[in-house]
Amino acid sequence: MHPPSTNLSNVELVGLLIFAGFLRFCGLGSKIERRKLDDPAVSTGWASAINNQELLFWISPRCCLVAFDNYVLNFVEIDNQLLDEALISNIGCNDTCNLQMQSRIYTPAPSIDAFTSGSDYQRNLATESSKQRHSFLCLSLHLYVYGMAVVLEKKDAGDWIYRGEGAANIVLSYNGSSPAFVGKVLRIQKAPRNGSPRCESPRYGSDNEDNHSAELALTTDECLLWKEIEDLGSAPSREIAEQLYVQHIITPLLGSEHVDAGIRVHVSSEFLELVEKNVLCQRPSWRVDAAKVNPLCDYALLISDHSIFPQGNLKGKFSISVEIKPKCGFLPDSRFISEENAIKKRITRFKMHQSLKLHQREISDTSEYDPLDMLSGSKERVHKAITALFCTPQNNFRVFLNGSLIFGGLGGGADITSCMIGNAFEDVLKCVIQADDGLRTTNFLQLVTEAVSGSGLLDRLLEVQKLDIFDIEGAIHAYYDVVSQPCIACRDLGEDQLSGRYAYLHSMPLDKSLKIVRDYLIAATAKDLSMMISFRPREDGDVESSYSGVFLETTNQSFDYKASFFDLDMKPLKKMEHYYELDQQIVSCYTQMVKRKNKVENAATIDAYARDPTENRCVSGYTLFKVQAESS
Ligand SMILES: O=P(O)(O)O[C@@H]1[C@@H](OP(=O)(O)O)[C@H](OP(=O)(O)O)[C@H](O)[C@H](OP(=O)(O)O)[C@H]1OP(=O)(O)O
Ligand SMILES: Nc1ncnc2c1ncn2[C@@H]1O[C@H](COP(=O)(O)OP(=O)(O)OP(=O)(O)O)[C@@H](O)[C@H]1O
């Protein structure tokens, strides 16, 4: 939504300059740090995103302020008085500030849409403003603005508590009282410890002498890859590129109402050190061994806490959230998949990867979860998938009550759900599901099924995952053309294959190769992201809730629910090589496991046949096994 462009009248212009002068007069400008506009670190949180180019800085609910070009932030909920103060301490101009007067006045009515994705507060604000139909003053500022950057210092560390972590980030939730942070989580980047396998990971640029410096900018090839996407290819740092990636690529694909790209806040090294110390005892030891807080990263991402509702809980009631990492929900059908790997067209990557993980002792049992069920669009199959996730959560399923973990692994995976864990969970659900003992978990899983199926979110996700149409066995050839290196995949293939389908890939124009790789990496994000569905009880007769609703027939309960996606990281281009190798490894491990299993089963059957030849009459090992299985 773009505000209609009108020129600023002289009176308004003078008013603005007087206001700027007033700030200077108050000496407020001196507290303010000078930053370049194209650095999203300018973010102070006192702004709301209107679209990808423009922002509103709010003076008060009755007066909106400035739209910045090329500069995107999220709105932070604060009360009116704080909002006024925030403005005064955050917006300043002086003579060197080049305010290019591409200014305009617009009325706020159309801006309501812009707020529907935000908090209730934002919505109320928009509604109130529209009633009063105040004119909003928007300025496009160029070159420099002055903004007081939020810096988290050592004294703030105690307000942040461990929420969880993945391979790349530690996430903290806020336990303090600053309105700017209430309802937010802080996502802090990790760095691999020397000697950990992840040190060699392409994310950290194994070909780079300094592991951390790889984070500082996109590589030349990555700039080329993403150049068509607004500002992304020219982003001054990887962090900014990653944020733009979520804003410009992922958000439109998954829906702005389900994504929060977050804002960057500065963190001092003392803050990071203390946080690291504070959370140490809660982190899984294998995560501690693998990585630590990246001490060289001076920013963190402030994102909405998807496990709670922005307005808090109604009348002191609970909110319960389910985190699901769905993984890849389709079987590839690319003609570039070699005959030896044809099994990929029949067996999901998730299932095959489970074998490799078991083999490498990353997990103690394989999961029965099937991503094809989860993304099938069929309620019965979604229910089957959610039940399987409950039985073997691994790192694919967690439940939080009022933001605290009540089921699943904190910061990692969880094994098979034991009776004890199941009973404890059933017990905790007493405050959530009104059903007799032994029936609450079943009803809860049904509730999750209803919301997941009703939201339609996974249909959207599947579409994005399916941007991978060539499979890694096709995309890897395009990758080597993009990076102008000899194709390792071709080196491994026989002559006859080379002259055929793969030659076609290498004869493509560069823009086609770029698109294949781009789509593959976007799909990779979609195959690795997580979603959070949060529920809170809906009051009787509350028909005006701004959230979607779900009715649990068996217990006669109504809930509000909201669904969000997170962990939407841009995958590094260099990771294509890892994807290719891992794919080969997964297939090879799985096929060997099947062969071994068949061999053992055949041997057992032949053994049984030798003992009593009259029982089994068939000759092939497979049939012998089947006959034996049926007869037993
Ligand atoms: O390759 P996969 O499918 O194992 O996915 C990796 C995930 O493993 P999973 O199998 O979900 O346990 C892995 O998750 P864990 O560390 O196992 O919790 C990461 O999400 C990794 O992404 P990144 O390197 O942090 O960007 C993920 O790597 P990408 O493949 O998404 O790049
Ligand atoms: N916005 C959020 N709201 C609530 N909880 C969150 C949010 N973001 C992350 N978390 C919690 O923190 C954990 C780790 O976050 P995240 O998945 O982003 O880490 P990661 O290191 O990027 O993961 P991966 O291993 O997939 O790369 C999640 O499993 C989730 O429980």
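Note that the structure is predicted; figures quoted are calculated from it, not measured.

Conventions used here
- Residues numbered from 1 in each chain as written.
- Chains lettered and ligands numbered in written order.
- Predicted model: local features only at pLDDT ≥ 70, side-chain atom pairs only at ≥ 80, totals over all residues.
- Heavy atoms only, no water.
- Helix = DSSP H or I, 4+ residues; strand = E, 2+ residues; numbered from the N terminus.
- Buried < 20%, exposed > 50% of the residue type's maximum accessible area, 1.4 Å probe, protein only.
- Contact = heavy atoms within 4.5 Å.
- Areas by Shrake-Rupley, 256 points an atom, 1.4 Å probe, with all protein chains shown as cover.
- Near = heavy atom within 4 Å.
- Polar contact = N/O pair within 3.5 Å; in protein donor to acceptor, adjacent residues only side chain to side chain.
- Nonpolar A, V, L, I, M, F, W, Y, C, P; charged D, E, K, R; others polar.
- Domains from an automatic or database assignment.
- Pairing = 2+ DSSP bridges.
- Phe/Tyr/Trp six-rings, centres within 6.5 Å; stacked < 30°, edge-to-face > 60°.
- Core = buried A, V, L, I, M, F, W, Y, C linked by side-chain atoms within 4.5 Å.
- Salt bridge = Lys/Arg side-chain N within 4 Å of Asp/Glu carboxyl O.
- Arc of directions from axis to C-beta.
- Axes fitted to C-alpha atoms, helices over the stretch in contact; angles between N-to-C directions.
- Parallel < 35°, antiparallel > 145°, perpendicular 65-115°, else oblique.
- Left-handed = near helix turned anticlockwise from the far one by under 90°.

Undergrad: Can you lay out the overall build of the chain for me, pointing to particular residues and giving the numbers?
TA: Counting its regular elements, the chain contains 20 helices and 21 strands. When burial is assessed residue by residue, the chain has 53% of its 632 residues classed as buried. For the chain, the share of sequence-separated contacts (at least 6 apart) that also reach a separation of at least 24 residues comes to 71%. When the accessible surface of the chain is split by element, carbon and sulfur atoms take 53% of a total near 28600 Å².

Undergrad: Tell me about the site of ligand 1, and please be specific about residues and values.
TA: Taken together, 16 residues are adjacent to ligand 1, and Lys-327, Arg-349, Lys-357, Lys-575 and Tyr-579 come closest. Separating an oxygen atom of ligand 1 from a side-chain N or O atom of Lys-357 is a distance of 2.8 Å. Note that an oxygen atom of ligand 1 is positioned 2.9 Å from one of the side-chain N or O atoms of Asn-395. Here ligand 1 has 600 Å² of accessible area as a free molecule, and 84% of this is covered by the chains. Looking at the shell around ligand 1, the elements that each hand over two or more residues are helix 9 (349–359) and helix 19 (575–611). A breakdown of the residues in the shell around ligand 1 according to their chemical character gives four nonpolar, two polar and 10 charged. A domain-level breakdown of the shell around ligand 1 finds at least three residues from each of domain 2 (151–305) and domain 3 (315–573).

Undergrad: Outline the pairing of strand 16 (residues 320–324), listing residues and values.
TA: Taking burial as the measure, the five residues of strand 16 include five buried ones, the bulk of the element. Judged from the five bridges that link them, strand 16 and strand 17 (residues 397–401) form a sheet pairing that is antiparallel. Looking across to strand 17, one finds that Ile-324 is bridged to Phe-397. One ladder, built from five bridges, connects strand 16 with strand 19 (residues 530–537); its direction is antiparallel.

Undergrad: So, the packing of aromatic side chains: which residues are in play, and what are the values?
TA: Within this structure, the stated rule accounts for 18 aromatic pairs. Summarising the aromatic geometry, the rings of Phe-309 and Tyr-547 are spaced 5.1 Å apart at their centres and angled 85° between planes, so their arrangement reads as edge-to-face. Here Phe-309 is found in the loop between strand 15 (299–304) and strand 16, whereas its partner Tyr-547 is found in the loop between strand 19 and strand 20 (548–552), with 238 residues between them in sequence. Judged by centre distance (6.3 Å) and plane angle (80°), the ring pair of Phe-535 and Phe-559 falls under edge-to-face. Taken together, the positions of Phe-535 in strand 19 and Phe-559 in strand 21 (residues 557–566) put the pair 24 residues apart, joining distant regions of the chain.

Undergrad: Give me the nonpolar core: which residues, what numbers.
TA: Among the nonpolar cores identified, the biggest contains 93 residues, and Trp-226, Leu-232, Met-374, Phe-397, Phe-444, Phe-535 and Met-576 are the most heavily contacted of them. Two domains share this core, each providing at least three of its residues, namely domain 2 (151–305) and domain 3 (315–573). Not counting residues within four places of it along the chain, the set of residues in contact with Met-576 comprises Ile-472, Ala-475, Ile-476, Tyr-479, Val-517, Tyr-520 and Leu-521. Ranked by size, the runner-up nonpolar core spans 20 residues in total, among them Tyr-162, Ile-170, Leu-272 and Val-279.

Undergrad: Go over the pattern of salt bridges with me, naming the residues and quoting the values.
TA: In total, this model carries 28 salt bridges according to the counting rule given. The shortest N-O distance in the salt bridge between Lys-515 and Asp-519 comes to 2.7 Å. Of this pair, Lys-515 and Asp-519 both sit in helix 18 (residues 510–528), four residues apart, roughly one helical turn. Overall, the relative accessible area of 14% leaves Asp-519 in the buried class.

Undergrad: Give me helix 12 (residues 419–428): which residues, what numbers.
TA: Residues of helix 12 that are buried: Gly-422, Phe-425 and Glu-426. End-on view of helix 12: buried residues confined to an arc of 105°, all on one side of the axis. Residues of helix 12 that are exposed and point more than 90 degrees away from the buried face comprise Met-420 and Asn-423. For helix 12, the elements touching its buried residues are helix 11 (379–391), strand 17, strand 18 (404–407) and helix 13 (440–455).

Undergrad: An account of the packing of helix 11 against helix 13 is requested, with residue identities and associated values reported.
TA: Direction vectors running N to C along helix 11 and helix 13 enclose 130°, while the axes themselves pass 9 Å from each other. Here helix 11 lies oblique to helix 13, going by the angle between them. Relative to helix 13, the crossing made by helix 11 is right-handed. When helix 11 is examined against helix 13, the residues Lys-379, Val-382, His-383, Ile-386, Thr-387 and Phe-390 are found in contact with a partner set consisting of Thr-441, Leu-445, Gln-446, Val-448, Thr-449, Glu-450, Val-452 and Ser-453. Within the contact of helix 11 with helix 13, the residues separate by chemical class into six nonpolar, six polar and two charged.

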